[in-house]
Amino acid sequence: MEPPETFKTGDLKLEHAKVKFKAYRQIPEFTVGGEKIGPYEEGETFEVPLWVAEAMEEQRYGKILEDEDGRALINKPLAFESWRSMRELAHLNGDHYPKTRRFLKRLKKLDGESFQKNLRKFEDLIQRRTYKIAVLASKGAKDEKILQNLTPEEKALYMKLRKEIEEWKKEALSLSED
């Protein structure tokens, strides 16, 4: 089963986002997708799209310099969600889900035990957030402040739930004898 379009869009945006890359050896000039990349000297740090950086890392040309620790993508929001009220959602960056899934995919290859532990935490975070989103959707919350804390994927879920719940409520309250 393919992920919803919103997840595909987020993944695509992340793949094309520029990341810092440190060359461990000389990288000759090359062209990809009509874009000239390089040349770079050993030790040089530069920015390229993530998908290019991953390919260069695979070829052992260097290493992607991560902006943040992947575990923080899970642990920090999980801590916030744990102490917030049922009507409050912590702010997550718009690329939170693609980044976290990317972190987990990389971790799965490197450390199965750590992967399982972080996956359970991510599932807990998703459970807490989807529960709150469902509560907000059932109440018909329209507060922009609440909605600005949702990621694009969560906004899509909220809108779908809200629409379904509103239609269900209308039908439940329908008193016509048709």
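Structural data are supplied above this passage.
Computed from a predicted structure; not experimentally measured.

In the structure shown here, the tally under the stated rule is four aromatic pairs. Arranged with centres 3.4 Å apart and planes meeting at 5°, the rings of Tyr40 and Phe46 form a pair that is stacked. Here Tyr40 and Phe46 have matching classes, each one buried. A ring pair is formed by Tyr97 and Phe122, whose centres lie 6.0 Å apart and whose planes are at 50°; its orientation type is tilted. Here Phe122 lies in helix H5 (residues 112-139) and Tyr97 lies in helix H4 (residues 96-110), a separation of 25 residues in the sequence. Through successive ring pairs, a cluster of aromatic residues spans Phe7, Tyr97 and Phe122. A cation sits over an aromatic face here: Arg25 above Tyr61, 4.0 Å from the ring centre.

The omega angle of the peptide bond from Gly38 to Pro39 is -5°, so this bond is cis rather than trans. A positive phi angle, near 60°, is found at Arg60, a position not held by glycine. Tracing the backbone shows Arg60 in the loop between helix H2 (50-58) and strand E5 (62-65).

Now for the environment of Gly140. Summarising the element assignment, Gly140 is placed in the loop between H5 and helix H6 (144-147). When its relative accessible area of 17% is taken as the criterion, Gly140 is described as buried. Along the sequence, Gly140 and Leu110 sit 30 residues apart, while their C-alpha atoms lie 43 Å from each other. Setting aside chain neighbours within four positions, we find Gly140 in contact with Tyr158 and Arg162.

Rules and cut-offs
Residues numbered from 1 in each chain as written. Predicted model: local features only at pLDDT ≥ 70, side-chain atom pairs only at ≥ 80, totals over all residues. Heavy atoms only, no water. Phe/Tyr/Trp six-rings, centres within 6.5 Å; stacked < 30°, edge-to-face > 60°. Buried < 20%, exposed > 50% of the residue type's maximum accessible area, 1.4 Å probe, protein only. Helix = DSSP H or I, 4+ residues; strand = E, 2+ residues; numbered from the N terminus. Lys NZ or Arg CZ within 6 Å of the ring centre and 35° of its normal. Contact = heavy atoms within 4.5 Å.

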